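# Close look at the chain arrangement
What follows is the residue order along each chain.
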Amino acid sequence: MKFLPWRRKRPPAAHPRISPEETAQARQERIERRLANDAKARDPAILLTTNSYPIYYLPITKCGCTFLKNLFYALDNGDEHPAGINVHEEEDGLVRAEGQDFDTVFGSPYSFSVLRDPASRFMSFYFDKIWGEGAVNFPKIRAHLEEIGVVDLDRDLDAAEHRANVYRLLEWVGENLEGGTDLAINYHWRPQTSRLRRARMFKLNHLTLDGLDWQLPMLMAPVVPDMAERMQAVKSRNRSEKPASAPDVLDNDLAAAIRQFYRADTILHERARNAWRSQSPVRRQGAFECPPMLRHRRVQRLIGPGSVSLTTAAFTGGAQIKQVLGKAGVIGGSADIPLETLAQNGESALILLRDPLERFGAVYNFIMERPRRSGFATLRTTLIRRRGLIAQPVSPDDHGHNLSILATYMRRRKVDFIGSGGYAGSRLQSHDVRRLIDAGGVPIFTDRLAHELPGFLNRPELGEPLAAISAQNRLPDDIATALTGPVAEAVRSLYRTDCDLYDGLRIAAGLRVSGDWAA
């Protein structure tokens, strides 16, 4: 802790010699201790839940837990806890997830914890529990710290004197966490990551305290649609009174010192902020559409019997299909559906898949026929000037030559073309649909579209216009002929993941595999 200039230098402790037998015994004890801790980390009892909603919360001290405990009580009882800000001492009425099935809690998309900027959290701890007076502070701890000269509890301190208190308190906490003080470690100054490790077996969504008012309603919208209103009704929030202006006490140097001390907490909090940044209310009011909620998939709702949705990748005919469905009045709004509970919710998540070879041929045809509209004009020009692409192909051999050049160029630049962040028209379909298929989504193939989609919507009259789309998207014969033999193998090698996924699903359905369309 170099940022504390008065920190006492301690000579390094001498390491006693340990025999091989003692080393092996210590290793075995560590393994047994770790296994026991892992078993505890699988116990859902560490999480709070409600009797009314399948939501789960891991409390972390000084991270909004007073408010959230009152909120969870109010979700079951209509009003906040009678104890108010003293809910931690009187938890009667709060529901633990004790006895619930581990897999159910583990797979829930509605489990979360709240993280806080370590600098803000430590200052709240200082003003609320150490310097502050009242029933919610630590009278014995603050008296002990005053006695040993760590903090000055005078009521007339200015900002500089409070800052000196915090520096000394931070130094003392460092010694306490290393076991070098007379007092036991307390969760109010223990790192947030320490609490998270105790629930490491659960997939928790990390929310941030400064964004809790909009993040929690967004996360819980599918199960608690009125979460924002329920949160506004809860008034019990443990806000400590600060005798000095917080910015004056927490200057840049002190904030940096606290964040460096709690470095793991700082990194985790920053990750959570970045994950939610693009979904903030300010960003969502701009020109950019917000991404799906965490661990959800954004789908296009269709109006039909039950819950039906449609997901498509680029160059699978999705835009034309949605146009036909829109004219028929069966297009609904978009929605974010939780992947982990897709099967239990009775959701018919339809996923449109196209033969990877045919899709590659469609991308190539689009580049050649309409380069200005395709967004690949620069690519086409580069391939013509530097790679020998034939600008006006007239035979299957010409197309085969061009297809090989395009596949080779894309292979050398996989990140730009087939990676998850690559161009929508050329990246793998599996990036867009794999997780949804693994969660229980229903694949629909483009060559079976007119036979299957009308049945899901109970709209047989849609068969004819959907069949017309399939016919319209059929590859020209010369390109289909070129996509055989070595050229087809080169494309298969490039799109191996898509081909394996497509062929596996086709075989399971008793249908022909990729490439048979060219026969």
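This is a predicted model, so every value here is computed, not measured. (Residues numbered from 1 in each chain as written. Predicted model: local features only at pLDDT ≥ 70, side-chain atom pairs only at ≥ 80, totals over all residues. Heavy atoms only, no water.)

### A word on the overall build of the protein
Of regular secondary structure, the protein possesses 25 helices and 10 strands. Look at the contacts in the protein between residues 6 or more apart in sequence, and 71% of them connect residues 24 or more apart. Working note: accessible area of the protein is about 26400 Å², and carbon and sulfur atoms make up 49% of it. (Helix = DSSP H or I, 4+ residues; strand = E, 2+ residues; numbered from the N terminus. Contact = heavy atoms within 4.5 Å. Areas by Shrake-Rupley, 256 points an atom, 1.4 Å probe, with all protein chains shown as cover.)

### Quick notes on a positive patch on the surface
Among the surface-exposed residues, R385, R386, R387 and R412 lie close enough to one another that they form a single positively charged patch. With respect to the helices, strands and loops of the structure, R387 is situated in the loop between α17 (377-386) and α18 (396-412). R387 sits in the partly exposed class, given a relative accessible area of 35%. (Patch = residues over 30% accessible without salt bridge, like charges linked within 9 Å, V, L, I, M, F, W, Y side chains within 5 Å. Salt bridge = Lys/Arg side-chain N within 4 Å of Asp/Glu carboxyl O. Lys, Arg positive; Asp, Glu negative; His and termini not counted. Charge placed at Lys NZ, Arg CZ, Asp CG, Glu CD. Buried < 20%, exposed > 50% of the residue type's maximum accessible area, 1.4 Å probe, protein only.)

### Points about the environment of S113
Along the chain, S113 turns up in strand β4 (residues 111-115). Sequence spacing of S113 and G64 is 49 residues, and the spatial spacing of their C-alpha atoms is 9.8 Å. Beyond its immediate sequence surroundings of up to four residues, S113 is in contact with Y57, L58, I60, L196, L204, N205, H206 and L207.

### Section: the sheet that holds strand β9 (residues 347-353)
Spatially, the five strands line up as an open sheet ordered β8-β6-β7-β9-β10, and their pairing is mixed. Either end of the sheet is taken by a strand with one partner, and the two such strands are β8 (331-338) and β10 (442-445). With strand direction ignored, the average angle separating the axes of adjacent strands in the sheet is 40 degrees. Strand direction decides the pairing type here: β9 and β10, joined by four bridges, are parallel. Within β10, the position partnered with L352 by the bridge is I444. Across the sheet, helix α14 (residues 318-327) lies against β6 (296-302), β7 (307-311), β8 and β9, angled at about 125 degrees from β8, the strand it touches most. Its contacts with the sheet put helix α25 (residues 496-508) on β9 and β10, and the angle it makes with β10 is roughly 95 degrees. (Pairing = 2+ DSSP bridges. Axes fitted to C-alpha atoms, helices over the stretch in contact; angles between N-to-C directions.)

### Considerations on a negative patch on the surface
A cluster of acidic residues, E146, E147, D152, D154, D156, D158 and E161, forms a negative patch on the protein surface. Positionally, E146 belongs in helix α5 (residues 139-147).

### Notes on the environment of M231
Assignment of secondary structure puts M231 in helix α9 (residues 227-232). Residue contacts for M231: discarding those within four places in its chain leaves F67, L71, L212, D213, L216, P217 and R237.

### Regarding the environment of R412
Relative to the helices and strands, R412 is located in helix α18. The class for R412 is exposed, based on a relative accessible area of 62%. For the pair formed by R412 and L494, sequence separation is 82 residues and the distance between their alpha carbons is 9.9 Å.

### With respect to the packing of aromatic side chains
Tallied over the full model, the rule gives 17 aromatic pairs. Aromatic pair F102 and F106: ring centres 5.5 Å apart, planes at 25 degrees, arrangement stacked. One end of the pair, F102, and the other, F106, are both in helix α3 (residues 102-106), four residues apart, so they sit about a helical turn from each other. In this structure F102 comes out as buried when scored by relative accessible area, which is 15%. By relative accessible area, which is 29% here, F106 ends up partly exposed. Judged by centre distance (5.6 Å) and plane angle (55 degrees), the rings of F125 and W189 are tilted. With F125 in helix α4 (residues 118-131) and W189 in the loop between α6 (159-177) and α7 (192-198), this residue pair connects regions lying 64 residues apart in the sequence. Exposure class is identical for F125 and W189. Each is buried. (Phe/Tyr/Trp six-rings, centres within 6.5 Å; stacked < 30°, edge-to-face > 60°.)

### Digging into helix α21 (residues 449-457)
Every buried residue of α21 is listed here: L449, L453, P454 and L457. Projected down its long axis, α21 carries its buried residues within an arc of 100 degrees, all on one side. What points out from α21, more than 90 degrees from its buried face, is the exposed set H451 and G455. Residues of α21 that are buried sit in contact with β6, β7, α14, β9, β10 and α22 (463-472). Just downstream of α21 lies N458, where phi reads positive at about 55 degrees. (Arc of directions from axis to C-beta.)

### A word on the confidence of the model for the protein
On average, residues of the protein score 84 in pLDDT, and 87% of them are at 70 or above. In this model, residues 1-9 is a region of pLDDT below 50 whose contacts with residues beyond four sequence positions or in other chains number 21 contacts. Note on residues 283-289: pLDDT is under 50 here. Beyond four places in sequence and across chains, it has nine contacts. (pLDDT = per-residue confidence, 0-100.)

### Quick word on the packing of helix α15 (residues 356-369) against α18
Between α15 and α18, the least distance of the axes is 11 Å, while the angle of their chain directions is 105 degrees. With respect to α18, the axis of α15 lies roughly perpendicular. Contact residues: F360, Y364, I367 and M368 in α15; H399, N402, L403, L406, A407 and M410 in α18. Its residues assigned to classes, the contact of α15 with α18 shows eight nonpolar, two polar and no charged. (Parallel < 35°, antiparallel > 145°, perpendicular 65-115°, else oblique. Nonpolar A, V, L, I, M, F, W, Y, C, P; charged D, E, K, R; others polar.)

### Topic: the packing of α21 against α22
Put simply, α21 and α22 touch, their axes get as near as 8 Å, and they point 145 degrees apart. Along this stretch, α21 crosses α22, giving a crossing that reads as right-handed. For the pair α21 and α22, the contacting residues are L449, A450, L453 and P454 in the first and G463, L466, A467 and S470 in the second. The residue makeup of the contact of α21 with α22, split by class, is six nonpolar, two polar and no charged. (Left-handed = near helix turned anticlockwise from the far one by under 90°.)

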